[in-house]
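A structural walkthrough
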Amino acid sequence: MRKIFFLILSFLMGTTLFAQTLFTKSKPIVYTKTTIATIKDTSVKLKVIKIDLKAQKGFNIDSVVVVEQKARLEESVMHFYKDSKVVQKILVPFWIKNLIPVAEFADFNKDGIPDIKFRIRTLEKGTTALLNYKVFLMSQQSKYKVMSFVDFSSEKEYDLNGDGIAEIIGCSTTNFNGKNYWVFNLYNWVNGTLKSVSKDYEYPIWTLVDNKTNKVIAKDIPMDAKQSTLRAFPNEYYAK
């Protein structure tokens, strides 16, 4: 009898049956939003966009202007403006050609200053068409730091434990026993970089890619398979 008990316990501990909660069971972070404007400048052949912050509360800058660089480099330069002067520049490794023209504002790192988030489509084909750059401009009191990564997640951010620091969701894919799954990891922005907090919430979690149950946790995944998809950082993670 004892042997059977330990056999059952061992099986249960080796699967994702317990203590996992899908992030959508929690309340998402509340954002304010604004439309990102495209600047028409005939002297600049590549795209230029502007995030106007003058009407937003809590910011210590007035606007962010992003200018694409030479086409072969896939780079852009972010200009941070205060009182019509550039107070900071950051070179970033992506274009803004396929920008989704909405900026979202929330205090992701609990420093009392709003941060900025926007997304850029990659325009791939098939499942990879869902890939997008998620770009965060994280306040560092007097300056900003850019953090970006590429993945499948278009999810909002959630404060799962109520500490005021948003859990940032990363989403990748994997195949197991002939089935495709979405794999979700969790991160916090801590001391100028992303930090994995997946283990704190018994993540990563897997959901089946079938357009029907992709918001239902897969409960039959062995622990070793699940742990193999634990990621310290999302795909193409960049911070500067």
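Above this text you will find the structure in question.
One numbering rule holds for all chains: residues counted from 1, following each sequence as written. Two thresholds apply to this predicted model, a pLDDT of at least 70 for residue-level local features and 80 or more for giving and counting side-chain atom pairs, whereas whole-chain, interface and lining totals are computed over all residues. Processing note: side-chain calculations cover all non-hydrogen atoms of the structure and skip hydrogens and water entirely.

Another point: the pairing of strand E4 (residues 63-68). The cut-offs for exposure are 20% and 50% of the maximum accessible area for each residue type, with area from a 1.4 Å probe on protein chains only; residues under the lower value are buried, those over the upper are exposed, and the others partly exposed. Helix and strand definitions follow DSSP, with helices as H or I runs of at least four residues and strands as E runs of at least two, each counted in order from the N terminus. Judged by how many residues are buried, E4 sits mostly within the fold: six of six residues are covered. A two-sided burial pattern is seen for E4, the buried positions comprising Ser63, Val65 and Val67 on one face and Val64, Val66 and Glu68 on the other. As judged from the five bridges shared by strand E3 (residues 48-52) and E4, these two strands associate in the antiparallel manner. Looking across to E4, one finds that Asp52 is bridged to Ser63. Sheet topology note: the E4/strand E5 (residues 76-82) ladder contains six bridges and is antiparallel. By the bridge assignment, Val64 is partnered in E5 with Phe80. Strand pairing is assigned whenever DSSP identifies at least 2 bridges connecting the two strands.

Taking strand neighbours across the sheet as the criterion, the six strands line up as E1-E7-E8-E9-E10-E15 in an open arrangement whose pairing is antiparallel. Each edge of the open sheet carries a strand with a single partner, namely strand E1 (32-35) and strand E15 (238-239). Strand direction decides the pairing type here: strand E10 (residues 143-151) and E15, joined by two bridges, are antiparallel. When the bridges of E15 are listed, Met147 appears paired with Ala239.

An order of E2-E3-E4-E5-E6 is seen for the five strands of this open sheet, with the pairing classed as antiparallel. The open sheet has two free edges, formed respectively by strand E2 (37-38) and strand E6 (85-92), since each of these has just one partner strand. Where E2 meets E3, two bridges bridge the pair, whose relative direction is antiparallel. Bridge pairing in E3 places Ala37 opposite Lys50.

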